[in-house]
Amino acid sequence: MKVKIAFLLSLFMCIAISISAQKTPLNEGTYLGVSVQAYPAGIIPTVNLETYLNEKSSLLFRLGGNFTDRQDFSDENLTEEGEGFGGSIGFRKHFPLKTGKIVAGLITDLWSLEIDWTDDIGPNGSILSGTTDILVLQPYLEGGYFLPIKNSSSQIGLTLGFGREINIVTDGDEVAQGFIASIALQFMFGL
């Protein structure tokens, strides 16, 4: 399953790069960058490609890893932790404000994760453990602010997100899913 997902994500990035090469007169360009997104149960570092459709809207593509330690957040198990890889596609609207811009968007992530879990199964205190492979769909809304970096084609931004984790494929015992909030620091430079 992981080989298929890796192939699909590679194909996804090739499509993103070809879309970014099609410039229109209103296009503000294409940006390549990195981001670190943090949420209560983990961290997601990504490589990003953002390409403008016109001066006020853009498509965002991300590839990265998802590292989670759900501590005691899960209703399913005592502990859950793991990692995996995946990507995102998103649509952003841009609103100029002073020297920077406000962004508002809809992002959809797809993550292939391997979660190691432990669970208390009885009154004698015995612990059950295992591993579950999941494919997680994670749609969320984001909003934030980006500032240009002087004398460069770079920008830095901070965004907040709110959405939902949905386990669409589960191989093993159930693991947590639900609402999610996040904050992301992003650095982008113009190509």
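Residues numbered from 1 in each chain as written. Predicted model: local features only at pLDDT ≥ 70, side-chain atom pairs only at ≥ 80, totals over all residues. Heavy atoms only, no water.

This paragraph deals with a negative patch on the surface. Taken together, the side chains of Asp 69, Glu 81, Glu 83, Glu 114 and Asp 116 present a region of like negative charge at the surface. When you line up the elements, Glu 114 lands in strand β5 (residues 100-120). Taking relative accessible area as the criterion, Glu 114 reaches 31% and is therefore assigned partly exposed. (Patch = residues over 30% accessible without salt bridge, like charges linked within 9 Å, V, L, I, M, F, W, Y side chains within 5 Å. Areas by Shrake-Rupley, 256 points an atom, 1.4 Å probe, with all protein chains shown as cover. Salt bridge = Lys/Arg side-chain N within 4 Å of Asp/Glu carboxyl O. Lys, Arg positive; Asp, Glu negative; His and termini not counted. Charge placed at Lys NZ, Arg CZ, Asp CG, Glu CD. Helix = DSSP H or I, 4+ residues; strand = E, 2+ residues; numbered from the N terminus. Buried < 20%, exposed > 50% of the residue type's maximum accessible area, 1.4 Å probe, protein only.)

Here Ile 107 lies in strand β5. Judged by its relative accessible area of 0%, Ile 107 falls in the buried class. Considering only alpha carbons, one finds Ile 107 and Leu 59, 48 residues apart in sequence, at a separation of 9.5 Å. Contacts of Ile 107, omitting those with residues within four sequence positions, involve Leu 60, Ser 88, Ile 89, Gly 90, Gln 138, Pro 139, Tyr 140 and Glu 142. (Contact = heavy atoms within 4.5 Å.)

Attention shifts here to the packing of aromatic side chains. Tallied over the full model, the rule gives 3 aromatic pairs. A ring pair is formed by Phe 162 and Phe 179, whose centres lie 6.0 Å apart and whose planes are at 5°; its orientation type is stacked. Pair noted here: Phe 162 is in strand β7 (residues 154-171) and Phe 179 is in strand β8 (residues 178-190), with a separation of 17 residues, a long-range link. For Phe 179, a relative accessible area of 61% corresponds to the exposed category. The residue whose ring lies beneath Arg 164 is Phe 179, and the NZ or CZ to ring-centre distance is 4.8 Å. (Phe/Tyr/Trp six-rings, centres within 6.5 Å; stacked < 30°, edge-to-face > 60°. Lys NZ or Arg CZ within 6 Å of the ring centre and 35° of its normal.)

Let us look at the nonpolar core. The biggest cluster of nonpolar side chains holds 11 residues, and these are Tyr 39, Ala 41, Ile 44, Trp 111, Leu 113, Ile 115, Trp 117, Ile 134, Val 136, Val 175 and Ile 180. Listing elements by their share of this core, those giving two or more residues are β5 and β6 (127-148). A per-element tally of this core places β5 first, with 4 residues. Beyond its immediate stretch of four places on either side in the chain, Tyr 39 contacts Ile 44, Asn 66, Phe 67, Thr 68, Ile 180, Ala 181 and Ser 182. The next biggest cluster of nonpolar side chains, apart from the first, holds 5 residues, and it includes Tyr 31, Tyr 52, Val 103 and Met 188. (Core = buried A, V, L, I, M, F, W, Y, C linked by side-chain atoms within 4.5 Å.)

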